[in-house]
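Descriptive structure summary
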Amino acid sequence: MARIRRKMCITLFVFLLFVFGIMMGLKTLRPEGAGFGDGVVLELLPELHHRAAVDKRKPDLPNISKFSKSATPPQASKLIAGQRVTKSAPMSASIPENFRLVNSDLHAFYYMWYGNPKFDGVVALSWYPPGMSDDNGEPMEDLVPDVLEAAHKYHLKVTLHIEPYKGRDGNSLYGNIKYIIDKYGSHPAFYRYKTSTGRNLPMFYIYDSYLTSPVSWATLFSATGSSTLRNSQYDGLFIALLVEEKHKNEILQAGFDGMYTYFATNGFSYGSSHHNWQTIKDFCGGNNLMFIPSVGPGYIDTNIRAWNNHNTRNRVNGKYYETALNTALLVRPEIITITSFNEWHEGTQIEKAVPRKSGQLTYLDYLPHKPDAYLELTRKWAEKFQQEKEQWLM
C-alpha cells in the first residue's frame, strides 16, 4: 500500500511539473509581467485565444549604442506603418485588393514606398535632405513627389520620419521644415493632424532626436526660441524618439509635442518596453504631450548583426504582434506606429510575404498562414482601435 501511495505521489508530482512547464511556456508569449488570466484575444486563426496584460516589473536597460539608424527600421494611436523606398523598387501593389485600414490613426514606417492600394492609413516615410542619404543608400528625396502622387491615388497620407543626417541640429532642421512645407505642404496626400484646438498641423517624427541637445531644439520648438516655428506657417507637431528614461524630461525641455518609441523589440530600450508604457503615458498626459507607442510583429536581425540574437523576438504566429497592439490600446494613445511595413533585414515587415531565398539569405514568410496574414491582423486591430477610441471619447 505504501508503495502504491509513493507511486501515486510521484505521478502527481510529475504531472504538476508538466502543467507548470506549459504555463511558463505560455507566459513567455505575453508582455513582460502579464498575468495568466489577463488580457486580449489573439486571433491569427479564429481558434487562437490568449489573454495578456501590462507588466509592472522594471527592465534591464540594453546597450542602445550598438544600433545605428542605417541598419534600424522605423515604427504608430493613429496606426502608422514604416517603410524604406529604393529607386529600384517597383511601384507594385503589395496589399491585397480587399485590405483597407480603418483610418489615419494607423501610421506605418516605410523605407521607400512600394505602392499599396486600399491601404487607408498613414505612411511615415524615411527622409533625408536633398543630396543626402545614410551610409548604405543613395539620395531619395527626388522620389517624394512620386510617393505623394501614388499615396493620393490609393487614399494614403504621408508624413516624414526625419533621419539623423550629418550636421542635423536646430538650425538645419528649421531649413528642412521650411523646405518640406513650401514644397509639399499643399499636396492632398501630405498628412496633417487635427489638434484639440482645431488646427490642422503637419506631423514630423525626429529619429535619434536625443543626439541634439534640448537647448538646440528649444530654439525651434519653444514659443520664445530665437528661431521658433510656433504660431507660424511652419508650425507642426514634432515627435521625438524616447529611448532612455531620462529622455522624457529632455523632450519636455526641448519643446517637442510628443514622443514615440520606434523599436519593435519589447525590452530592448526603456521606451520600447511594454510595461513602461503606462508610466510614459501618465508623464505625457501630465505635461500636454502626445505618447505614440510603436508596435511590431517580431524582430530578427542576425543576418546583419550575428551577435544580436538576444534581441530576437519570435512572431509566434501573430501572438507577439497582437500582444503589442493590445498593450498599446491599454494606455489609450492617440496614435500607434507600426515598425515596420517593409524592413525585411530586421524581420519587422508586415507586408505580403511568400517563401523566397536569395543566395545564402532566406526571407521570412508567414507559412502556414496566408501571405497577407499580418495585413489582416493589422486591419482587425485598426477596427478595434477605432471602436475603442469612440468609447474613450464618450
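Cut-offs applied
Residues numbered from 1 in each chain as written. Predicted model: local features only at pLDDT ≥ 70, side-chain atom pairs only at ≥ 80, totals over all residues. Heavy atoms only, no water. Buried < 20%, exposed > 50% of the residue type's maximum accessible area, 1.4 Å probe, protein only. Helix = DSSP H or I, 4+ residues; strand = E, 2+ residues; numbered from the N terminus. Arc of directions from axis to C-beta. Core = buried A, V, L, I, M, F, W, Y, C linked by side-chain atoms within 4.5 Å. Contact = heavy atoms within 4.5 Å. Polar contact = N/O pair within 3.5 Å; in protein donor to acceptor, adjacent residues only side chain to side chain. Expected span 1.5 Å × (residues − 1). Salt bridge = Lys/Arg side-chain N within 4 Å of Asp/Glu carboxyl O. Pairing = 2+ DSSP bridges. Right-handed = clockwise from strand over helix to strand, strands pointing away.

It is worth spelling out helix α2 (residues 144–153) at this point. The set of residues buried in α2 consists of Val 144, Val 147, Leu 148, Ala 150 and Ala 151. All buried residues of α2 project into a common sector of 165 degrees when viewed along the axis, lining one side. Phi turns positive one or two residues past the end of α2, at His 155, with a value near 65 degrees.

Another point: the nonpolar core. Judged by nonpolar contacts, the single largest core of 63 residues is most densely connected at Ile 162, Ile 177, Phe 204, Phe 256, Met 259 and Val 295. The element best represented in this core is helix α8 (residues 373–392), accounting for 7 residues. Not counting the four nearest positions on each side in its chain, Ile 162 is found in contact with Trp 127, Arg 168, Leu 173, Ile 177, Ile 180, Phe 204, Tyr 205, Ile 206 and Tyr 207. In terms of nonpolar packing, the next biggest core, distinct from the first, is built from 20 residues, Tyr 193, Tyr 205, Leu 241 and Ile 335 among them.

So, about the environment of Glu 163. Following the sequence through the fold, Glu 163 ends up in the loop between β4 (157–162) and α3 (170–184). Along the sequence, Glu 163 and Asp 134 sit 29 residues apart, while their C-alpha atoms lie 8.4 Å from each other. At 2.5 Å, the side chain of Glu 163 and the side chain of Ser 126 are in polar contact.

Attention now moves to helix α7 (residues 319–330). Helix length check: α7 (12 residues) gives 16 Å between terminal C-alpha atoms against 16 Å at 1.5 Å per residue, within 8%. Of all 12 residues making up α7, 11 are buried, and the element is well covered by its neighbours.

Pairing of side chains with opposite charge becomes possible as their charged atoms draw close. Scanning the model with the defined rule gives 10 salt bridges in all. As a salt-bridge pair, Arg 230 and Asp 257 come within 2.9 Å of each other at their nearest N and O atoms. Taken together, the positions of Arg 230 in the loop between α4 (214–221) and β7 (237–241) and Asp 257 in the loop between α5 (247–254) and β8 (258–260) put the pair 27 residues apart, joining distant regions of the chain. For Arg 230, a relative accessible area of 14% translates into the label buried. Lys 380 is the partner of Glu 322 in a salt bridge, and the nearest nitrogen-oxygen pair spans 2.5 Å. With Glu 322 in helix α7 and Lys 380 in helix α8, this residue pair connects regions lying 58 residues apart in the sequence. Taking the relative accessible area as the measure of exposure, Lys 380 reaches 24% and is therefore partly exposed. In the salt-bridge network here, residues are joined through shared partners; they are Arg 199, Arg 230, Asp 235 and Asp 257.

A separate point is the pairing of β7. With respect to burial, β7 is a largely interior element, 5 of its 5 residues being buried. Along β7, one buried face is formed by Leu 237, Ile 239 and Leu 241 and the opposite face, lined by Phe 238 and Ala 240, is buried too. Of the pairings in the sheet, the one linking strand β6 (residues 200–206) to β7 comprises 4 bridges and is parallel in character. In the strand pairing of β7, Ile 206 is matched with Ala 240. Between β6 and its parallel partner β7, the chain crosses via α4, and the hand of that crossover is right-handed. Here 3 bridges tie β7 to β8, and the two strands are oriented parallel to one another. Bridged to Ile 239 within β8 is Gly 258. In this view, the connection linking β7 to its parallel neighbour β8 by way of α5 has right-handed handedness.

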